[in-house]
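Summary of the model geometry
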Amino acid sequence: MKPPTTLLLFVGALIFFAAGNVRSDASDHRYKEGDSVPLYANKVGPFHNPSETYRYFDLPFCVPEGVKDKKEAFGEVLNGDRLVSAPYKLSFRDEKDSETYCKKKLSRKEVEQFRRAVEKDYYFQMYYDDLPIWGFIGKVDKESKSDPSEFKYFLYKHIQFEILYNNDRVIEINARMDPHSLVDLTEDKEVFAEFMYTVKWKETETPFEKRMDKYAMSSSLPHHLEIHWFSIINSCVTVLLLTGFLATILMRVLKNDFMKYAQDEEAADDQEETGWKNIHGDVFRFPKHKSLFAASLGSGTQLFTLTIFIFMLSLVGVFYPYNRGALFTALVVIYALTSGIAGYTASSFYCQLEGKNWVTEFQAPVRTTKYPREIPPLPWYRSAVPQMAMAGFLPFSAIYIELYYIFASVWGHRIYTIYSILFIVFIILLIVTAFITVALTYFQLAAEDHEWWWRSFLCGGSTGLFIYAYCLYYYYARSDMSGFMQTSFFFGYMACICYGFFLMLGTVGFRAALLFVRHIYRSIKCE
């Protein structure tokens, strides 16, 4: 068994062993009437800036005695959770009606702090028996007013909980803010606030195993599914038409080339060679910056393996909605476990490229000449940048519809659970990337340009640049994000993610091009 195969099996076993532990975070508590059920306040922040979050008690809410921080799991820390015991007491099947939990006189500074938060549409998030709760802390009254100085700002002071249970288990919780119980924050003056909450319990027949289905339904509604399937059909039709067209041309051209070179060999041995056969002595000349090239392939291979394992875990249901930090935990753990794949791939390929202090044979079907052949002058559209633009456009066109839903989930408050569709789109992306890179590599070789190594990697990875360009469109046209912190988070993290796509797809493109080049030069007779 080859070392990479052994390593992959070992990593896979560790990952799926850990997957069972990732799911075990879900609460499976059973309660008796009057039992205390854990309620944690998590965070607050502006609704349109999902990365800008603060601790719940950073706002001047009433802080109850004996507030304790929850001991957080690794995934919760990575997720940015800040769980502390909440000020409400929601015991199992214990109803309460407009119960006061705090009376407080808000100072002018606290009023101003709340008003700024309401103006930015601050929301809060809590967890009750591991079920998420959201709500806005206040509202802005803009009715019949065009001047912002005339707006009125109000803080909600009465929250109404409706909890559904099945026998001895909590199934669902909803929170609604009472629109008639408000504190006026418009003026800079001290105000008195009496904070209250109401708890109503209702029985349901929904089984405990399906209590998370509610949160997954938003992305599985019929009209959403229609859009997702339209995305896939659109991608498939576009890809099949374009790749079929290119494949037909490429196969015909290659067939003609093989016939022509066969006839040339029979006609005259001294006849001058043309086209891609003419550069057979240079096509396997190793690229510049071999160390960087090998390292890029190693990292790309690791990220490809990481992506495959993440899809495997998602398809078996590990990343169910609000399994807090499960995805981040999986990313960190799998990235660490697959680091050996990057090292093995990079060192192995560097070894084959006659790297320093290494001796191993690169299995090329033709011999490489001692001196490199001069590349003939080429038109501008055959240079690297235009070729990358052509190579990245087709794969990007196959995924751009699905990108919106992914962005709305990562940089918004939507839930994405249709991993099967996403996996199909990913497979389409790989196929298109490989094919378009092979086609452009052929045209490059046909123009007697033998420096295809880096070009195939750059063309394959250029889709990552298109995704980053889409980030600009999404930020300014499809989102309401604002502020320095959110902007730097968004473009900084997306730069890292797009660079990862660049390395992964670049590796896919180069591997496909290498197989193609080896195949065509193995099929002809070269002196």
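Since the structure is predicted, the reported quantities are computational estimates derived from the model, not experimental observations. (Residues numbered from 1 in each chain as written. Predicted model: local features only at pLDDT ≥ 70, side-chain atom pairs only at ≥ 80, totals over all residues. Heavy atoms only, no water.)

What holds strands together in a sheet is hydrogen bonding between their backbones, with the strands either parallel or antiparallel. Overall, mixed pairing links the four strands, which are arranged β4-β12-β9-β10 in an open sheet. Looking at strand neighbours, the two that pair on one side only are β4 (96-106) and β10 (169-177), the edges of this open sheet. With strand direction ignored, the average angle separating the axes of adjacent strands in the sheet is 20 degrees. With eight bridges joining them, β4 and strand β12 (residues 191-203) adopt antiparallel strand pairing. Looking at the pairing, L106 lines up with V191 of β12. Where helix α3 (residues 108-119) meets the sheet, its contacts fall on β4 and β12, and the angle it forms with β4 comes to roughly 120 degrees. (Pairing = 2+ DSSP bridges. Helix = DSSP H or I, 4+ residues; strand = E, 2+ residues; numbered from the N terminus. Axes fitted to C-alpha atoms, helices over the stretch in contact; angles between N-to-C directions. Contact = heavy atoms within 4.5 Å.)

Taken in spatial order, the three strands line up as β7-β8-β11 in an open sheet, and their pairing is antiparallel. The open sheet terminates on both sides in strands that have one partner only, identified here as β7 (138-141) and β11 (182-184). The sheet shows a mean angle of 30 degrees between the axes of neighbouring strands, taken without regard to direction. Two strands pair when backbone bridges link them, and β7 and strand β8 (residues 152-156) are joined in this way by four bridges, in the antiparallel orientation. Paired with G138 across the bridge in β8 is L155.

Quick look at the nonpolar core now. Core analysis: the biggest nonpolar cluster contains 81 residues, and F407, W452, Y474, F490, F510 and Y521 have the highest contact counts within it. Considering every element that reaches this core, the biggest residue donor is helix α13 (residues 484-522), with 17 residues. Ignoring sequence-local partners within four residues, the contact set of F407 consists of G412, Y470, C471, Y474, F490 and M494. Counting residues in each nonpolar core, the second largest holds 50 residues, with Y88, V183, A193 and V199 among its members. (Core = buried A, V, L, I, M, F, W, Y, C linked by side-chain atoms within 4.5 Å. Buried < 20%, exposed > 50% of the residue type's maximum accessible area, 1.4 Å probe, protein only.)

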